[in-house]
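# A closer look at the structure
Each chain, written out:
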Amino acid sequence: MVTRIVPWVSGAVYGIVLLAGLYYVLAGLGPANGARLAGFVAGIGALFALEALERRVARLPVAFLVARLVLFFAVAALDESGLSRVLFVLVPFAAYLTFGRPAGLVLGGLCLALLVGGFAVWVPGWYRDSTYVSDVLMFTTGLVLALAMADVTVRERRAAARVAELSAAAERNRLARDIHDSLGHHLTAVSIQLEKVAAFAGRDPDVAGQALADARRSVGHALDDVRTSVGTLRAGGRSLVDALTELGVALEVHGAEPDLGHATVTTLHRAAQEAVTNARRHGRAGQVRVSVTFGATTRLVVTDNGRGFDTGAPRSGFGLLGLRERAALVGGTVAVDSAPGAGTRVTVTVP
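Residues numbered from 1 in each chain as written. Predicted model: local features only at pLDDT ≥ 70, side-chain atom pairs only at ≥ 80, totals over all residues. Heavy atoms only, no water.

Strand order in the open sheet formed by five strands is E1-E2-E3-E5-E4, with mixed pairing between adjacent strands. Only two strands of the sheet have a single neighbouring strand rather than two, namely strand E1 (250-254) and strand E4 (333-338). Looking at each pair of strands side by side, their axes are set apart by 10 degrees on average, direction ignored. Sheet analysis places strand E2 (residues 288-294) next to strand E3 (residues 298-304), joined by seven bridges and oriented antiparallel. Counterpart to Arg289 in the pairing with E3 is Thr303. Contacts from helix H9 (residues 262-281) reach E2, E3 and strand E5 (344-350) within the one sheet, and its direction differs from that of E3 by about 10 degrees. (Pairing = 2+ DSSP bridges. Helix = DSSP H or I, 4+ residues; strand = E, 2+ residues; numbered from the N terminus. Axes fitted to C-alpha atoms, helices over the stretch in contact; angles between N-to-C directions. Contact = heavy atoms within 4.5 Å.)

Another point: the environment of Phe139. Along the chain, the position of Phe139 falls in helix H6 (residues 130-200). We classify Phe139 as buried; its relative accessible area is 7%. Between the C-alpha atom of Phe139 and that of Val86, which follows or precedes it by 53 residues, the distance is 6.8 Å. For Phe139, the contacting residues outside a window of four places in its chain are Arg85, Phe88, Val89, Cys111, Leu112 and Leu115. (Buried < 20%, exposed > 50% of the residue type's maximum accessible area, 1.4 Å probe, protein only.)

The buried count for E2 comes to five of seven residues, which makes it a mostly enclosed element. Here E1 pairs with E2 via five bridges, running parallel. Its bridge partner lying in E2, Glu252 is registered against Ser291. With respect to chirality, the unit in which E1 leads through H9 into the neighbouring parallel E2 is left-handed. (Right-handed = clockwise from strand over helix to strand, strands pointing away.)

A word on the packing of helix H4 (residues 90-99) against helix H5 (residues 101-122). Packed helices, taken two at a time, are described by the angle between their axes plus the distance between the axes. Relative orientation of the contacting elements H4 and H5 amounts to 165 degrees, with a least axis distance of 7 Å. Relative to H5, the element H4 lies roughly antiparallel. Between H4 and H5 lies a crossing whose hand is right-handed. Residue-level inspection shows Val91, Pro92, Ala95, Tyr96 and Phe99 of H4 in contact with H5, the latter providing Arg101, Ala103, Gly104, Leu107, Gly108 and Cys111. Across the contact of H4 with H5, the residue classes tally to eight nonpolar, two polar and one charged. (Parallel < 35°, antiparallel > 145°, perpendicular 65-115°, else oblique. Left-handed = near helix turned anticlockwise from the far one by under 90°. Nonpolar A, V, L, I, M, F, W, Y, C, P; charged D, E, K, R; others polar.)

Another aspect to go through is helix H3 (residues 61-78). Spanning 18 residues, H3 covers 26 Å between terminal C-alpha atoms, matching the ideal 26 Å at 1.5 Å per step. Phe64, Leu65, Arg68, Phe72 and Val75 are the residues of H3 that are buried. What you see down the axis of H3 is that its buried residues fit within an arc of 100 degrees, all on one side. More than 90 degrees from the buried face of H3, the exposed residues found are Val70 and Ala77. (Expected span 1.5 Å × (residues − 1). Arc of directions from axis to C-beta.)

Moving on, we come to the packing of aromatic side chains. Counted by the stated rule, this structure contains seven aromatic pairs. On the basis of an interplanar angle of 45 degrees and a centroid distance of 5.8 Å, the ring pair of Phe119 and Trp126 is categorised as tilted. Like Trp126, Phe119 is buried. Over the ring of Phe200 we find Arg203, and its NZ or CZ is 5.0 Å from the ring centre. (Phe/Tyr/Trp six-rings, centres within 6.5 Å; stacked < 30°, edge-to-face > 60°. Lys NZ or Arg CZ within 6 Å of the ring centre and 35° of its normal.)

Function cannot be inferred from these measures alone, as they are strictly geometric.
Structural data, given as structure tokens:
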């Protein structure tokens, strides 16, 4: 994966070099040469144009690095102040991001060697002059900082890519769990019921007919679960409020919705879908309400007036484990309050 130079870094360095060169001439700190000043400004402008072109063209990283290096030499030759040699700090920085650590370190060493070699050729005894020694030390410090910054940038982007990979894996696991826990259950039930139809078709038509009706009902439930999963996937590009509105139940919204992110919206939407579906299918609820409150945390509450259940009973069939697993993926928690004949209240809280 090619990682190009961070745009604002190069732009900031070019701007500083341009201002320093103009100040040096306009403040009378050195001889003024109009032609050289114009060439210097044009060279900086060409560097800005090169950066803009590189952001649009994702190919030819070597060509852009060479072109940048040529312009650096041209600007340094035209700069009256000599301050533009700081541009060469960007060479190992860009090489590190584009080609990796070895290229960055090698080019960093070459740039330092060129600076010291230039002083040795053009400034005899430079190592006894505090100004030139300070220049070398500052340039070396700049190289170290540039390489360190490039290393941090690469590590952060690799970490971001890893997080994205883990998020995709978590979503795949969630879908696999949905298929296994819901669709797989219904298909197993359909298979058993159809076997019952085949066994009782000739002996007891009433039993066979009831089994066939049960099979059809299981197929309908399976289709509902498939639509629920598809609706959850589609919810990623919408706000949470928009996704909850389509559930077709009473909705209360408190506060303004922040940018929750795809994972959080999907988790809360899926939790609301499961709670509403379970309230209607298992709880036989006549009324279901959804409330969402935005603030320091986001709290989703689904309440119903159904028959409720014993939360402490094993294998309640409510899918609490899957609900808690999904919430945990985004750092959230799930609380369920219910009792036989008292309805159910599901609360999901996420940071």
